[in-house]
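# Examination of the molecular architecture
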Amino acid sequence: MGIEMSGLTVQLLDIAAGALLLTAVLVVWRRELSVILRVFALQGVALAGLVAVLASAQRSVELGLVALGLLVLRGVVLPLLVRRSLAGAGPVRRETTPMLNVAASLLAAAALTLLALAVSVPLVALDPSPATRAVPVAVAVVLIGLMVMVTRRHAVSQVVGFLLMDNGITAVAFLTTAGIGLLVEAGIALDVLLVAGVLHVLTGRIRETFGDTDLSALRELHD
Amino acid sequence: MSTLLLLIPLAVPVMAAAMYAAAGWRRPSAPVAVVSAVLCLAAAVLLARLVVDDGPVMVAGLLRVDALSAFMLIVIASVATIVALATPAHLATELAAGRIDRRDARRHAVLVQAFLAAMTLAVLAADLGVVWVAVEATTIVTAFLVGQRRTRAAVEAAWKYVVICSTGIALALLGLVVLNQASAHSGTGAGLDWAALAAGASALDPDVTRLAVLLIVLGFGAKAGLAPLHAWLPDAHSQAPAPVSALMSGVLLSVSFYAILRVKVIADGALGPTFVRVLLLAAALATLLVSASLLIAQRDYKRMLAYSSIEHSGLLALGAAIGGPLASAAVLLHVLGHGLVKSVLFVGAGRILQLTGTSRIDEVGGLAVRRPVLAGCVGLGVLALVGLPPFSLFASEFGIARAGFEASLGWPTALALVLVVVIAAALVGHTGRMLLGAAPEQPLVPCPPARSTTVAMVGGLAACATVGVVAGPLTTLIDAAAAILTGAS
Amino acid sequence: MNPLGVAGGVLQAVVIVGGAPLVVGLMRQIRARLEGRAGAGVAQPWRDLRKQLRKQPASPRGTSEIYRSAPVLLVATTLVVAVVAPFVTTASALPAVADLFVVVALLALGTVMIALAGIDTGTAFGGMGASREVTILALVEPTVLVAIFALSVRAGSTNLSAIVGSVLDDPARLVSPASLLAAVALVVVIVAETGRLPVDNPATHLELTMVHEAMVLEYAGPDLALVELGSAMRLSVYLGLLANLFVPWGVATGPGVAALAVGVAAFAVKVTLLAAALALAEVFLAKLRLFRVPELLAGSFLLALLSVTTAYVLV
């Protein structure tokens, strides 16, 4: 899109994108789930900030409202929901034995960032602008979220991984063409909220039936 | 008139869900689901006639029906009818056995109707974004249906189901976002409207579109049971209540596959047929291989049916990869045939589970002696599933294979056929052990009679056989839909 | 080779050699005060050095020339860095040596020499300390390289003076994600590389946790004095690099006695403040278990890598 951005706007955009990535890395780095949740809430704020910067660059009230909605949903509602799952998730409040140890996951996150850079080349080439240049960062957040989901064993960690992916996808959506239609956007937000709700309930049930939320206990079903 | 017809399949399940939410699951309210399904089926048939005669119908820029959507609507409504007929007996037995209570039964009825509404929305939506929202909504509404029994296994299956499907579908969303970017820069103003995208496909940036299509096929492939993200399917299908398994296997997989088909049309226009063909061919063969290797030594009959569903998803992918009018028509016929037969089989499997109390193949034994009608239906269903005539799966598998050899994809097709034969042998062998032989000592659990279930099973098999022998007016619809898939119209 | 560079280089060497022990003394004094002790005074490291230097040289039986040359090499390499890198002035006596890669390699050389000397003693502690040090080094060196490289992307040169100069020209780029991430990564690795808490405890001789101290356990007399001086200089050099890469103001860019004097004062203030902050942080930090150290360093490596990525991507 041919929106002119001032130097300051570009810098703010870059900082928001950097914060998005940094929070994703911190989620991989830390084991204490309550810390992870705080970092995740920060990421929601960074995402809302990103959209707010775009809104001010395009002077779009609609986008400003979307930013506000994102702030409420991803900075407050979803973190609170996951926090409640954590409160009901039993005594284990740490990601004790991830399938990939933390040092290795950090190096894997580095590799994933490079991968994100490589796969986003055509996207950036299609429309080189300050906003699309930040797309690889958002794609990296998606991949890191995917990795957290695959390698973590605590139910709450997996939920955070899923939401991390989703934050990344939302960031890609706004950085590319400033969203994909208000109706679809609202539908996606609702879906994410509902999935988080479903996972919240299921976390409670896992705790009820297995006595723990360590997902390595899920071994009933196999061939 | 057409607007009304288009809204019926969407509004009727929603109203039925509201009714169940208000009134609960009782003897008088039970037939509402059947009425709802039959109404949808009637509306779908009328819509199909309308579309074949007059071309696509559009409502408010949000919903659109062409021949392909109309065909999918018919599949959804037919399977919904079978399931609606079988549900009362299933729930009555579960209630009598105390495995669920009234609240669970009400929730089941409400969620199933919501599930149907979401699938209908997915095939009616004109915007791929809305298709995504609807497919994701199916995950949400079925999560609690899968975990209904609250045993360890059921909770585990529900967790895996939600996590894997949501992850996969999130990748599809990323793909749609990327596709949207390509669309925004193509200058056609198509947004994510599939018809406009297909029309203006040649203007899409090929590199960006390739990335988008890869993500979308991977993502919706997860929900359609294609490898590598198929792991949720056997768990969810084996733990869900029988009517829900029937719906998930019979239509949910093909609704997700419908999304892949829509994107394939766009991708073929933008990238040429090779890219998606290679992608789908790889997925198809991997899927068939997974299914064959896990079916040979399968010990659980519900999981057996689930792996068979994975197999058929692989066949659909194979047919879509081959492309062309013959293969496309065969794929659509296969969707219908598999939907009918698999729902009959899952309903039957649910009945067997209730009667014997076990889901292990070697603990059933001698069902033909004890319950000849049920055993007959299940036996015929498995024969239909492995592609014996006169059932329509014979015609569709034959069509896919022939098209494969004609399209000079001989080696992959031959490999797929070998795997299909292995799977067929495994299925028939396992089913034979269940149905034939001497009955075990342990008596069957007394269950309420299930006349409507029998009607549903016989009806489903009869419909499948009829379609296999005389497709009749369905041929016109399938040809029109296949023309859309090949980009000819 | 310009006159400013030569004057600055000599000045830098004098300031760092003279000031480094004082920085160490300051940090010990701050810790002592915060922990409720009187402390030995800021000049105590110098008094220690004087005492050590007066002693008769002694080396353990069976050690080779590596053991004897390591302290000299440690001080020598650090001294070269102290001369060429932009601490007081951006004009370098040997501009070619003020390159990022050369500086990092020189600093690594000193560390490797000390590690070899630790092995050379043939004692259990020496070998253990060396193996731990090399493990840390293997993660630290790439991080330093990559982090400073991220800063060099915008300057368009890997010359440290050019990097510092470009930040002076355009201070706004300091608040970019690339330089923020690089700053965090550098802080972590500098803490690790100079053997401070939470990676290593400079005040302990508890065998289970030592890293640096284990390697130099056998040194005595003038050799020990050189090792101590070298370590102190490394700390100052790293803190000085960190300070000038991110807060370059005050560094002399033109000739003149006044500019050089301002440069020295600014450098002293910056390093003192950083050292005080580090000492303050150490009071509140517990030592990390040794097997968690790679985690910390892998994290900082990731940050450095991200910093390069964003430097290239978000232009």
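Remember, predicted model here, so these are calculated numbers, not experimental data. (Residues numbered from 1 in each chain as written. Chains lettered and ligands numbered in written order. Predicted model: local features only at pLDDT ≥ 70, side-chain atom pairs only at ≥ 80, totals over all residues.)

## Examining the overall build of chain A
When its secondary structure is counted, chain A shows nine helices and zero strands. Traced from its N-terminal end to its C-terminal end, chain A shows the element sequence α-α-α-α-α-α-α-α-α. Along the longest, intermediate and shortest principal axes, the C-alpha atoms of chain A span 55 × 35 × 35 Å. Within the span of chain A, comprising 223 residues, buried residues form 53% of the whole. Within chain A, contacts between residues separated by at least 24 positions form 75% of all contacts whose residues are at least 6 apart in sequence. (Helix = DSSP H or I, 4+ residues; strand = E, 2+ residues; numbered from the N terminus. Buried ≥ 20, exposed ≤ 12 C-beta atoms within 10 Å, placed from the backbone. Contact = placed C-beta atoms within 7 Å.)

## Topic: the overall build of chain C
If you tally the helices and strands in chain C, you get eleven helices and zero strands. Each helix and strand of chain C, ordered N terminal to C terminal, gives the series α-α-α-α-α-α-α-α-α-α-α. When its C-alpha atoms are laid out on the principal axes, chain C stretches across 55 × 45 × 45 Å. A buried classification covers 55% of the 315 residues belonging to chain C.

## Considering the packing of helix α3 (residues 67-97) of chain B against helix α19 (residues 451-469) of chain B
All names here are of chain B. Interaxial distance between α3 and α19 falls to 7 Å at its minimum, and their mutual angle equals 160°. As far as their axial angle goes, α19 and α3 are roughly antiparallel. Seen along the crossing, α3 lies across α19 with a hand that is left-handed. Across the interface between the two elements, Ser-78, Ile-82, Leu-85, Ala-86, Pro-88 and Ala-89 of α3 pack against Ser-452, Thr-453, Val-455, Ala-456, Gly-459, Gly-460 and Ala-463 of α19. Residues that form the contact of α3 with α19 fall into these classes: eight nonpolar, five polar and no charged. (Axes fitted to C-alpha atoms, helices over the stretch in contact; angles between N-to-C directions. Parallel < 35°, antiparallel > 145°, perpendicular 65-115°, else oblique. Left-handed = near helix turned anticlockwise from the far one by under 90°. Nonpolar A, V, L, I, M, F, W, Y, C, P; charged D, E, K, R; others polar.)

## A look at the interface of chain B and chain A
Taken together, the contact pairs 39 residues of chain B with 36 residues of chain A. Those elements giving two or more residues to the side of chain B that touches chain A turn out to be α5 (128-146), α6 (152-184) and α8 (206-223) of chain B. For the side of chain B that touches chain A, the class distribution of residues is 22 nonpolar, eight polar and nine charged.

## Topic: helix α17 (residues 392-406) of chain B
All names here are of chain B. Compared with an ideal rise of 1.5 Å per residue, which puts 15 residues at 21 Å, α17 spans 21 Å between its outermost C-alpha atoms and is within 8% of the ideal. Among the residues of α17, Ser-392, Leu-393, Ala-395, Ser-396, Glu-397, Gly-399, Ile-400, Ala-401, Ala-403 and Gly-404 are the ones counted as buried. Tucked into the core, α17 has its buried residues touching α12 (301-322), α13 (324-356), α16 (372-385), α18 (410-435) and α19. Phi for Ser-408, located one or two positions after α17, is positive at around 50°. (Expected span 1.5 Å × (residues − 1).)

## Focus on the interface of chain C and chain A
Counting from both sides, the interface comprises 20 residues of chain C and, opposite them, 21 residues of chain A. Elements represented by at least two residues in the side of chain C that touches chain A include exactly α7 (177-193) and α11 (293-313) of chain C. At twelve residues, α11(C) tops the list of elements feeding residues into the side of chain C that touches chain A. Considering only residue class, the side of chain C that touches chain A consists of 15 nonpolar, four polar and one charged.

## Side note on the packing of helix α5 (residues 124-155) of chain C against helix α6 (residues 160-169) of chain C
All names here are of chain C. Packing of α5 against α6 brings their axes to within 9 Å, and their N-to-C directions diverge by 65°. Note on packing geometry: the crossing formed by α5 with α6 is left-handed. Contacts from Leu-151, Ser-152, Arg-154 and Ala-155 of α5 reach α6 at Ala-162, Ile-163 and Ser-166. Tallied by class, residues from the contact of α5 with α6 come to four nonpolar, two polar and one charged.

## So, the nonpolar core
Most often, soluble globular proteins keep nonpolar side chains buried together rather than apart. Core analysis: the biggest nonpolar cluster contains 408 residues, and Leu20(A), Leu50(A) and Phe71(B) have the highest contact counts within it. When residues in this core are grouped by element, the largest group, 21 residues, is from α6(B). Apart from the residues within four sequence positions on either side, Leu50(A) is in contact with Leu13(A), Ala16(A), Ala17(A), Leu20(A), Ala171(A) and Phe174(A). (Core = buried A, V, L, I, M, F, W, Y, C linked by C-beta atoms within 7 Å.)

## Concerning unusual backbone geometry
All names here are of chain B. Note that the residue after Ala-227, namely Pro-228, is joined by a cis bond; omega there is 10°. Locating Pro-228 in the fold gives a position in the loop between α8 and α9 (232-239). The residue after Pro-389, namely Pro-390, is reached through a cis peptide bond having omega 10°. Along the chain, the position of Pro-390 falls in the loop between α16 and α17. Although it is not a glycine, Arg-150 sits at a positive phi angle of roughly 60°. Mapped onto the fold, Arg-150 is located in the loop between α5 and α6. Phi at Ser-408 is positive, roughly 50°, even though this residue is not glycine.

## Details of the environment of Leu444(B)
All names here are of chain B. Residue position: Leu-444 is located in the loop between α18 and α19. Put simply, Leu-444 and Pro-88 are 356 residues apart on the chain and 20 Å apart in space, counted from C-alpha to C-alpha. Discounting residues that sit within four places of it in the chain, Leu-444 has contacts with Leu-355, Thr-356 and Arg-370.

## Observations regarding the arrangement of the chains
Ranking by contact count across two pairs of chains in contact places chains A and B at the top. Between chain B and chain C there is no contact, and the shortest C-alpha to C-alpha distance separating them is 18 Å.

## Considerations on the environment of Leu305(C)
Mapped onto the secondary structure, Leu305(C) falls in helix α11. Residue classification places Leu305(C) among the buried positions, given that 25 C-beta atoms sit within 10 Å. For the pair Leu305(C) and Gly129(C), spaced 176 residues apart in sequence, the C-alpha separation works out to 28 Å. Sequence-distant contacts of Leu305(C), defined by excluding residues within four places in its chain, comprise Ala110(A), Thr113(A) and Val146(C).

## Regarding the environment of Leu80(A)
Structurally, the position occupied by Leu80(A) is in helix α3 (residues 61-87). Distance from Leu80(A) to Val148(A), taken between C-alpha atoms, is 20 Å for residues 68 residues apart in sequence.

## As for the confidence of the model for chain C
When pLDDT is averaged along chain C, the result is 85, and 96% of the positions lie at 70 or above. Here helix α8 (residues 212-215) of chain C stands out as the least confident element of chain C, with mean pLDDT 78; helix α2 (residues 44-54) of chain C is the most confident, with 93. (pLDDT = per-residue confidence, 0-100.)

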